[in-house]
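Descriptive analysis of the structure
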Amino acid sequence: MPTVIVMNGPNLNLLGTREPTHYGSSTLDDVEKLCRAVGDDLALDIDFLQSNHEGVLIDRIHAAGADWRSGSLLGAVFNPGAYAHTSIALRDAIKGAELPVIEMHVSNVHRREAFRHHSYISSVATGVIVGLGVKGYELAIRSLADQGEQP
Ligand code: DQA
């Protein structure tokens, strides 16, 4: 079965309790269940992870690039959290691994503080979803299933 990786960066383990006016009340477990339900609907395996560590995310992106080239992976949905605004290393990892990534933010970062308006990830992403709440994860998975780029 083809796989989609859903990767979440720092502080997303706090979804549901953290700043609910920005992020809503769904927990990361709820997001995982939602993603797995979409995977079942589309006959996709969902590889779901969250890490607060940049290096862990970079290693996963490198491995995912190899999986994408072997044809077993459609791509990744990636909510980089605040690393979107700071991490050239994550940007370089995606570019270097040639991994198709849909960048995803639960909140509309463009309606928030100016430091959230720039993302290092967007210029290497296939697409970007912002501000649609956790529903964005579903849309991102469906989009990878529809348009999965071929190596
Ligand atoms: C976020 C937006 C980021 O600016 C923030 O640092 C996060 C969550 C989002 O999903 O809206 O941690 O990526």
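Positions within a chain are numbered from 1, following the residues in the order the chain's sequence is written. For this predicted model, a pLDDT threshold of at least 70 governs which residues receive local features, and a threshold of 80 or more governs which side-chain atom pairs are given and counted, while totals over whole chains, interfaces and linings are taken from all residues. Processing note: side-chain calculations cover all non-hydrogen atoms of the structure and skip hydrogens and water entirely.

1. Thoughts on the nonpolar core
Nonpolar side chains tend to gather and get buried jointly when the protein is soluble and globular. Counting residues in hydrophobic clusters, the biggest one holds 23 residues, and the most contacted among them are Val4, Val6, Val31, Cys35, Val77, Tyr137 and Ile141. By the criteria applied, helices consist of DSSP H or I runs no shorter than four residues and strands consist of E runs no shorter than two, each listed in order from the N terminus. For this core, the secondary-structure elements that each account for two or more residues are β1 (3-8), α2 (28-42), β2 (45-50), β3 (73-79), β4 (101-105) and α5 (135-147). Whether two residues are in contact is decided by their heavy atoms: any pair within 4.5 Å suffices. Look past the residues within four positions of Tyr137 in its chain and what remains in contact with it is Val6, Asn8, Val31, Leu34, Cys35, Val77, Asn79, Met104 and Val106. In this text, buried Ala, Val, Leu, Ile, Met, Phe, Trp, Tyr and Cys residues form a nonpolar core when linked through side-chain atoms within 4.5 Å. With a 1.4 Å probe rolled over the protein chains alone, any residue whose accessible area is under 20% of its type maximum counts as buried; one over 50% counts as exposed, and the rest are partly exposed. If you look at the next biggest cluster of nonpolar residues, it comprises 21 residues, including Leu73, Ala97, Val101 and Ile121.

2. Here's the deal with the pattern of salt bridges
Basic side-chain nitrogens of Lys or Arg form a salt bridge, by our definition, when they fall within 4 Å of a carboxyl oxygen of Asp or Glu. Within the structure shown, the criterion is met by eight salt bridges. In this structure, the salt-bridge partner of Arg116 is Glu113, at a minimum N-O distance of 2.7 Å. The class of Arg116 is buried, set by a relative accessible area of 14%. Residue Glu113 is classed as partly exposed on the basis of its relative accessible area of 35%. The closest approach of N and O atoms between Lys135 and Glu138, which form a salt bridge, is 3.6 Å. With Lys135 and Glu138 both in helix α5 and three residues apart, the pair spans about one turn of that helix. What makes Lys135 partly exposed here is its relative accessible area of 44%.

3. Overview of the UniProt feature "site: Transition state stabilizer" (unreviewed entry) in the protein chain
UniProt tags Arg18 as "site: Transition state stabilizer" (unreviewed entry). Here Arg18 shows up in the loop between β1 and α1 (20-23). In this structure Arg18 touches Asn11, Leu12 and Tyr23, once residues within four positions along its chain are discounted. UniProt positions are given in the numbering used here, feature names are shortened, and annotations may be inferred rather than shown by experiment.

4. Focus: the sheet that holds β4
Strand pairing is assigned whenever DSSP identifies at least 2 bridges connecting the two strands. Here we have five strands laid out as an open sheet, ordered β2-β1-β3-β4-β5, and parallel in their pairing. Edge positions in the sheet fall to β2 and β5 (127-130), since each of these pairs with one other strand and no more. The mean angle between the axes of side-by-side strands here comes to 15°, regardless of whether they run parallel or antiparallel. The pairing of β3 with β4 spans three bridges and is classified as parallel. Looking at the pairing, Val77 lines up with Ile102 of β4. Its contacts with the sheet put α2 on β1 and β2, and the angle it makes with β2 is roughly 165°. Fitted lines through C-alpha atoms serve as axes, helices being fitted only where they are in contact, and the angles separating the N-to-C directions of these axes extend from 0 to 180 degrees.

5. A few points about helix α3 (residues 54-70)
Along an α-helix, a turn takes 3.6 residues, which lines up residues three or four apart on a common side. Expected helix span is computed as 1.5 Å times (number of residues minus one). If you check α3, its first and last C-alpha atoms are 25 Å apart, about what 17 residues at 1.5 Å a residue would give, namely 24 Å. Packed against the buried residues of α3 are β1, β2, β3 and α4 (88-97). Just downstream of α3 lies Gly71, where phi reads positive at about 90°.

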